[in-house]
Amino acid sequence: MESLSNKRKVIESKPLNFWERAYLPAILHGLAITMKHFLFKKDVTVRYPEQKREFSENFRGMHSLKRDEEGRERCTACGLCALSCPAEAITMISAERQPGEENLYREEKYAAVYEINMLRCIFCGLCEEACPKEAIYLDGDIIPADYLRKDFIYGKDKLVEAPLNQ
Amino acid sequence: MGTADILIKFALIVIIFLISLLIAMYSTYAERKVAAFFQDRVGPNRAGPFGILQPLADGAKMFLKEEIIPTHANGFLFIVGPSLAIMTACIGSAVIPWGQKLTIGTHVIDLQVTDINVGVLYIFGVVSLGVYGVMIGGWASNNKYSLLGAIRAASQNISYEIAMGLSIISLLMTTGTLSLREIAEQQHGWHWNIIYQPLGFLIFIVCAFAETNRTPFDLPECETELVGGYHTEYSSMKLGFYLFAEYINMFVSSAVMATLYFGGYNFPFMHSLGLSENWVTILGVIVLFAKIFFFIFFFMWVRWTIPRFRYDQLMDLGWKTLIPLAIANIVLTGLWMTFIK
Ligand code: SF4
Ligand code: SF4
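Here the structure is a predicted model, which is why all the values come from computation and not from measurement.

1. Remarks on the overall build of chain B
Summing up its helical and strand segments, chain B has 12 helices and 2 strands in all. If you list the helices and strands of chain B from N to C, you get α-α-α-β-β-α-α-α-α-α-α-α-α-α. Taking 2.2 N^0.38 as the reference for a compact globule, 341 residues should give roughly 20 Å; the C-alpha atoms of chain B span a radius of gyration of 21 Å, in line with that estimate. Each of the three principal axes of chain B carries a C-alpha extent, and together these read 60 × 50 × 45 Å. Taken over 341 residues, chain B has a buried fraction of 51%. Between the centroid of the 19 positive side chains of chain B and the centroid of its 21 negative side chains there is a distance of 5 Å.

2. Here we look at the interface of chain A and chain B
Taken residue by residue, the interface counts 17 residues in chain A and 18 residues in chain B. Counting the surface lost from both chain A and chain B, the interface buries some 1,500 Å², and carbon and sulfur atoms represent 71% of this. The interface formed by chain A and chain B includes 1 salt bridge. Arg46 of chain B is the partner of Glu50 of chain A in a salt bridge, and the nearest nitrogen-oxygen pair spans 3.0 Å. Linking chain A to chain B there are 6 residue pairs in polar contact (both at pLDDT 80 or more). Class assignment of the residues belonging to the side of chain A that touches chain B gives a composition of 8 nonpolar, 4 polar and 5 charged.

3. A short note on the site of ligand 1
If you check the shell around ligand 1, you find 13 residues, and the closest are Cys85, Cys121, Cys124, Gly125 and Cys127 of chain A. Here the residues of the shell around ligand 1 are counted per class, giving 11 nonpolar, 2 polar and no charged.

4. What to know about the site of ligand 2
The full set of residues close to ligand 2 is Cys75, Thr76, Ala77, Cys78, Gly79, Leu80, Cys81, Met92, Tyr114, Cys131, Pro132 and Lys133 of chain A. Taken together, the residues of the shell around ligand 2 break down into 9 nonpolar, 2 polar and 1 charged.

5. Structural notes on the pattern of salt bridges
All told, the structure shown has 18 salt bridges over all chains when counted by the stated rule. Asp141 of chain A serves as the salt-bridge partner of Lys52 of chain A, at 3.0 Å between the closest nitrogen and oxygen. Of this pair, Lys52 of chain A sits in the loop between helix H2 (24-40) and strand S1 (64-65) while Asp141 of chain A sits in the loop between strand S4 (136-137) and strand S5 (153-154), and the two are 89 residues apart along the sequence. We classify Lys52 of chain A as partly exposed; its relative accessible area is 46%. With relative accessibility at 33%, the residue Asp141 of chain A sits in the partly exposed group. Here Arg303 of chain B and Glu31 of chain B are joined by a salt bridge, their closest N and O atoms 3.2 Å apart.

6. Here we look at a nonpolar patch on the surface
Residue and element names in this part refer to chain B. Taken together, Leu273, Leu275, Trp279, Ile282, Leu283 and Ile286 make up a surface patch of nonpolar side chains, about 560 Å² in accessible area. Within the secondary structure, Leu273 sits in the loop between helix H10 (236-261) and helix H11 (277-303). Its relative accessible area of 49% is what places Leu273 among the partly exposed residues.

7. Examining the packing of aromatic side chains
Centre-to-centre distance and the angle between the planes together describe a pair of aromatic rings. Residue and element names in this part refer to chain B. Within this structure, the stated rule accounts for 30 aromatic pairs over all chains. Ring centres of Phe209 and Phe299 lie 4.6 Å apart, and the angle between their planes is 45°; on these two criteria the pair is classed as tilted. Of this pair, Phe209 sits in helix H8 (residues 198-211) while Phe299 sits in helix H11, placing them 90 residues apart in sequence. Residue Phe299 is classed as buried on the basis of its relative accessible area, which comes to 1%.

8. A short note on the sheet that holds S5 of chain A
Residues and elements named next belong to chain A. Here 3 strands make up an open sheet; going across it, the order is S2-S3-S5 and the pairing antiparallel. The open sheet has two edge strands with one neighbour each: strand S2 (90-96) and S5. Across 2 bridges, strand S3 (residues 109-117) lies against S5 in antiparallel orientation. Each bridged residue has a counterpart across the sheet, and for Ile116 the counterpart in S5 is Tyr154.

9. What about the side chain of Ser253 of chain B?
All names here are of chain B. Along the chain, the position of Ser253 falls in helix H10. In this structure the side chain of Ser253 is engaged in a polar contact, spanning 3.4 Å, whose partner is the backbone oxygen of Met250. The contact partners of Ser253, leaving out residues within four places of it in the chain, are Thr212 and Phe299.

10. Overview of the nonpolar core
Residues Trp98, Tyr160, Phe217, Leu260 and Ile292 of chain B are the most contacted members of the largest nonpolar core, which totals 90 residues. Here the element with the most residues in this core is H10 of chain B; it accounts for 15 residues. Each residue touching Ile292 of chain B, except ones within four places of it in the same chain, is listed here: Trp98, Phe251, Ser254, Ala255 and Ala258 of chain B. Ile90, Met118, Cys131 and Leu159 of chain A belong to the second largest nonpolar core, which has 24 residues in total.

11. As for the confidence of the model for chain B
All names here are of chain B. Confidence in the prediction of chain B, expressed as mean pLDDT, is 84, and 99% of residues score 70 or more. Here helix H9 (residues 223-226) stands out as the least confident element of chain B, with mean pLDDT 72; helix H2 (residues 54-64) is the most confident, with 88. For this predicted complex, the interface confidence reaches an ipTM of 0.76, while the overall pTM sits at 0.80.

12. Topic: the side chain of Arg67 of chain A
Residues and elements named next belong to chain A. Its place among the elements puts Arg67 in the loop between S1 and helix H3 (80-84). For Arg67, which is buried and forms no salt bridge, the nearest opposite charge comes from Glu73, at a distance of 4.5 Å. There is a polar contact of 3.1 Å between the side chain of Arg67 and the backbone oxygen of Gly71. Of note is the side chain of Arg67, whose polar atom sits 2.9 Å from the backbone oxygen of Glu161.

13. Notes on the environment of Arg152 of chain B
With respect to the helices and strands, the residue Arg152 of chain B is situated in helix H5 (residues 144-175). Sequence spacing of Arg152 of chain B and Gly229 of chain B is 77 residues, and the spatial spacing of their C-alpha atoms is 9.1 Å.

14. Describing H2 of chain B
All names here are of chain B. Where H2 is concerned, the buried positions are Gln54, Pro55 and Met62. Taken around the axis of H2, the buried residues stretch over an arc of 95°, which confines them to a single face. Those residues of H2 that are exposed and aimed more than 90 degrees away from the buried face are Phe63 and Leu64. Residues of H2 that are buried in the fold lie against helix H1 (3-38) and H10.

Parameters and conventions
Every chain begins its residue count from 1, and numbering advances along the sequence as written. Whichever chain is written first is A, and whichever ligand is written first is 1; the rest continue in order. With pLDDT at 70 or above as the cut-off, local features in this predicted model cover only qualifying residues; side-chain atom pairs require 80 or more to be listed or tallied, and sums for whole chains, interfaces and linings still use all residues. For the side-chain quantities, the full set of heavy atoms in the structure was used; hydrogens and water were omitted. A run of DSSP states H or I qualifies as a helix once it reaches four residues; a run of E qualifies as a strand once it reaches two. Both are numbered from the N-terminal end. To get the radius of gyration, use the C-alpha atoms; to get the globule rule, take the number of residues to the power 0.38 and multiply by 2.2 Å. Working definition: with a 1.4 Å probe on protein chains only, accessible area under 20% of the residue-type maximum means buried, over 50% means exposed, and in between means partly exposed. The positive count covers Lys and Arg only, the negative count covers Asp and Glu only, and His and the chain ends enter neither. Throughout, a charge is located at the NZ atom of Lys, the CZ atom of Arg, the CG atom of Asp or the CD atom of Glu. Contacts are assigned to residue pairs with any non-hydrogen atoms lying within 4.5 Å of each other. A quick way to say it: buried area is the sum, across both parts, of accessible area lost when two parts are put together, with a 1.4 Å probe. Every case where a carboxyl oxygen of Asp or Glu lies within 4 Å of a side-chain nitrogen of Lys or Arg is listed as a salt bridge. We define a polar contact as two N or O atoms separated by no more than 3.5 Å, with the added condition that, inside protein, one atom must be a possible hydrogen donor and the other a possible acceptor, whereas residues neighbouring each other in sequence contribute only through side-chain atom pairs. The nonpolar class holds Ala, Val, Leu, Ile, Met, Phe, Trp, Tyr, Cys and Pro. Asp, Glu, Lys and Arg form the charged class, and all remaining residues, Gly among them, are polar. We define proximity as follows: a residue is near a molecule or strand when any one of its heavy atoms falls within 4 Å of that partner. In this analysis, a patch consists of residues with relative accessible area above 30% that form no salt bridge, clustered at 9 Å for like charges and at 5 Å for the nonpolar side chains Val, Leu, Ile, Met, Phe, Trp and Tyr. Computed with the Shrake-Rupley method and a 1.4 Å probe, the accessible areas treat only the protein chains shown as cover for residues. For Phe, Tyr and Trp, rings pair up if their centres lie within 6.5 Å, where Trp contributes its six-membered ring, and each pair is then called stacked (planes under 30 degrees apart), edge-to-face (over 60) or tilted (otherwise). In this scheme, strands are said to pair when DSSP sees at least two bridges between them. The criterion is simple. A nonpolar core is a set of buried Ala, Val, Leu, Ile, Met, Phe, Trp, Tyr and Cys residues joined through side-chain atoms within 4.5 Å. A residue's pLDDT is the confidence the predictor assigns to it, expressed on a 0 to 100 scale. The reported arc concerns the directions from the helix axis to the C-beta atoms and nothing else.

Written out as structure tokens, the structure is:
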């Protein structure tokens with residue numbers, strides 16, 4: 001068969017010579033190598049919770065539900081994000097805006113309950129793309145660890161951006 | 001022997017026991033830290049500053065784990081195995097001379113639990129008993145991996161004990177005594193046995209690695225082919241006992257190596273410093289422990305450097321290399337003693 005490249009390496013297996021069979025020189029050499037690592041090499045560990053690596057610009061982390069310039073929630077509970085979500089992580093219950101709540105919700109319909117199950121979410125960002133109101137962005141941090149499954153279902157208390165001037 | 005002497009001996013036993021346990025505990029921590037540094041990592045650093053509470057956390061974890069005795073295991077022997085392993089590991093330290101004599105008031109305290117005149121043989125006996133813990137545990141588990149691990153441990157220990165014994169014989173030819181106290185005293189100052197017996201020491205240390213089941217000879221618990229080896233079926237504190245026994249064994253064999261070949265508690269110029277006897281003794285104890293710690297570190301250093309031997313290579317090395325070498329060493333020592341000395 002014709003070879004794909006002209007690279008060729010002839011492998012010869014000679015019997016070991018005395019020093020190779022005696023193990024010890026090789027062992028001492030190995031010990032010297034590991035000792036070099038022990039003494040001189042700096043560790044490469046990032047001590048995570050205290051120290052963080054920089055994320056790239058378009059890192060997709062925890063979701064946040066945005067407010068507009070006047071501090072009103074942008075989400076109108078259209079459900080497009082839930083529809084586009086491949087992991088079916090989003091659920092919501094919509095409600096009608098009552099008179100006098102115009103300073104809280106931008107549209108006439110809003111999400112009374114908005115939950116994302118962070119254990120299902122695959123951080124694909126499709127919800128962000130689907131949203132017609134620019135209400136959801138995955139611009140947060142890594143989701144922290146927790147002990148119970150129910151604590152991974154994030155409601156509006158965790159998702160909605162902090163109100164303006166606060 | 002008065003009551004005071006008995007009390008002192010008793011206190012000494014308790015102290016040595018506690019020290020062995022403490023060192024074994026912190027060896028587990030040291031092992032992880034040392035391994036981490038060799039591999040450019042950090043190692044445990046969450047429990048306490050620099051992770052120094054890690055052994056306690058590990059111990060608590062071990063105690064809280066579920067205790068499982070497999071249905072088809074032999075219940076009695078299953079428990080005897082780890083108990084025997086840890087017991088034989090602990091009693092080895094009884095004959096090691098930790099230092100010279102301390103004089104407090106009228107009492108002269110001998111820093112050695114007992115100076116029997118066959119100390120070397122005693123150590124040997126205890127070490128060979130240790131393999132029963134592994135064997136019984138592996139056999140009682142009624143699991144083929146455990147059994148294979150146990151068989152490996154047994155054959156490995158038996159093969160390497162011969163070479164070890166032969167290497168010690170040449171040491172005994174030069175020292176002329178079996179008592180560890182006398183051997184330590186003969187190496188006064190810098191007259192350490194390593195100078196007269198370098199080959200013997202080399203054989204001894206290789207065999208010590210095999211006897212304590214440490215890498216490169218850790219075939220009894222070889223994870224890649226035997227799951228966990230002889231302790232596959234063990235859980236909770238019984239597993240803890242096996243792991244602990246390994247570290248205590250390491251401590252004791254380090255102490256034996258330091259005593260037999262590296263002068264024990266002796267250090268150069270010990271009597272020309274102008275210190276009082278008690279201070280020399282205390283310094284000696286510190287020096288001995290420094291040597292022991294160095295050897296424990298060496299055990300770990302080798303573990304994170306050399307890969308495991310294949311089983312046939314292990315037997316090859318033991319029977320075809322170490323035993324002939326040890327015999328040659330005896331002959332050389334004999335020639336040296338008759339013609340040169
Ligand atoms: S990021 Fe993807 S998986 Fe997560 S909620 Fe949005 S659409 Fe669903
Ligand atoms: S976040 Fe956007 S897509 Fe989802 S319900 Fe609200 S407005 Fe619709």
